[in-house]
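Read off the chains here:
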Amino acid sequence: MKQRRAAVPRPPEAHFIACVTADRIPILADPEIASLILNTFQFLRHRQRIELYGYVLLPDHMHALVASEDLSKEMRCLKSWTAKETVKVLQSRGETKILTCLKRARITDRLDQSFQLWRPKFHPKLIHGSNMFHQKLDYIHGNPIKHGLVKDPAAWPYSSYKSLYITGETEGLDVWF
Ligand code: NI
């Protein structure tokens, strides 16, 4: 008889990813847009479509450590959903300047969409072992410093640093050591 597999965590075939906004339009560190991106990560986590080990949102790009059976599909899903929702947020606020930028950034062969939030790629790099895992996690958390936004990783509101190392409130994250 075939036994149902218990919910043992899969060995994390995590990938380090980087997603950049179209034309590097700096809108991801907007509180409302950041939270819709993070909520989308959480939606995918709760559906067990991804595992999320760490993340950072910078104004014009994001980095994350994620694992998934079909990472390309999930990233495509995350990007198209967050793009649509971001446009709705900007429209409701009447942010015509940014919307014009997103319209101009549109990739011309995609006629089914009128705005472009993300560049098409997500640059996945497979994590080999725990050294590389931690190196990438440190890179993620150090990114706001690297990009000159803050001096202390705890001062940047849009990363997993505080949850992992300060508050210990890691329910939004998958932890792997
Ligand atoms: Ni960066």
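For every chain, the first residue of its written sequence is number 1, and the numbers climb from 1 along that sequence. For this predicted model, a pLDDT threshold of at least 70 governs which residues receive local features, and a threshold of 80 or more governs which side-chain atom pairs are given and counted, while totals over whole chains, interfaces and linings are taken from all residues.

Enquirer: So what exactly am I meant to see when it comes to the overall build of the chain here?
Expert: Counting its regular elements, the chain contains 5 helices and 4 strands. Within the chain, the proportion of its 177 residues that are buried is 29%. Taking the contacts inside the chain whose residues are at least 6 apart along the sequence as the reference set, 64% of them involve residues at least 24 apart. Helix and strand assignments follow DSSP, with helices taken as H or I runs no shorter than four residues and strands as E runs no shorter than two, numbered in order from the N terminus. To sort residues by exposure, count the other C-beta atoms lying within 10 Å of each residue's C-beta; 20 or more gives buried, 12 or fewer gives exposed, and values between give partly exposed, all with C-beta atoms placed from the backbone. Any two residues are considered in contact once their C-beta atoms, placed from the backbone, lie within 7 Å.

Enquirer: Can you help me understand the sheet that holds strand β4 (residues 125–126) in this one?
Expert: In a beta sheet, neighbouring strands pair by backbone hydrogen bonds and run either parallel or antiparallel. Spatial ordering of the open sheet is given by β2-β3-β1-β4, a layout of 4 strands whose pairing is antiparallel. In the strand order of this sheet, the two ends are held by β2 (51–57) and β4, each with one partner. Only the contacting stretch of a helix is used when fitting its axis, a line to C-alpha atoms as for every element, and angles between N-to-C directions run 0 to 180 degrees. On the sheet, helix α4 (residues 129–146) packs against β1 (15–20), β2 and β3 (61–67) and is oriented at approximately 25 degrees with respect to β2. A strand pair is defined by DSSP finding two or more bridges across the two strands.

Enquirer: Sorry, what's going on with the pairing of β2 here?
Expert: Looking down a regular strand, the side chains alternate between one sheet face and the other. For β2, the buried fraction is high: 7 of the 7 residues fall into the buried class. Strand direction decides the pairing type here: β2 and β3, joined by 6 bridges, are antiparallel. Paired with Leu57 across the two strands is Met62, which belongs to β3. Between β2 and the antiparallel strand that follows it, β3, lie 3 residues.

Enquirer: What is the right way to look at unusual backbone geometry in this model?
Expert: Trans is the common state for peptide bonds, and a negative phi is the common state for residues other than glycine. In the Ramachandran plot, Arg24 falls in the positive-phi region, its phi being about 50 degrees despite a non-glycine side chain. Mapped onto the secondary structure, Arg24 falls in the loop between β1 and α1 (31–46). Arg24 gets classed as exposed once you count the C-beta atoms within 10 Å, which come to 11. Unusually for a residue other than glycine, His123 sits at a positive phi of about 50 degrees. Mapping His123 onto the fold places it in the loop between α3 (96–104) and β4. Taking the number of C-beta atoms within 10 Å as the measure of exposure, His123 has 13 and is therefore partly exposed.

Enquirer: I'm lost on the confidence of the model for the chain in this one. Help?
Expert: Atom-level detail of predicted coordinates should not be read off regions where pLDDT is low. Confidence of the predictor in every single residue is expressed as pLDDT, which spans 0 to 100. Mean pLDDT for the chain: 91, with 90% of residues reaching 70 or above. This model gives residues 1–9 a pLDDT under 50, and the stretch forms 0 contacts once residues within four places in sequence are excluded.

Enquirer: What am I meant to see in the packing of α1 against helix α2 (residues 71–93) here?
Expert: Relative placement of two packed helices is described by the angle separating their axes and the distance separating the axes. Relative to each other, α1 and α2 sit at 145 degrees, their axes nearing to 10 Å. Note on packing geometry: the crossing formed by α1 with α2 is right-handed. Here Glu32, Ile33, Leu36, Ile37, Thr40 and Leu44 of α1 lie close against α2, whose contacting residues are Glu74, Leu78, Trp81, Thr82, Glu85, Thr86 and Val89. Throughout this entry, Asp, Glu, Lys and Arg are counted as charged residues, while Ala, Val, Leu, Ile, Met, Phe, Trp, Tyr, Cys and Pro are counted as nonpolar. The remaining residues, Gly among them, count as polar. Its residues assigned to classes, the contact of α1 with α2 shows 7 nonpolar, 3 polar and 3 charged. The handedness criterion is simple: a crossing whose near helix is rotated anticlockwise from the far helix by less than a right angle is left-handed, and one whose near helix is rotated clockwise is right-handed.

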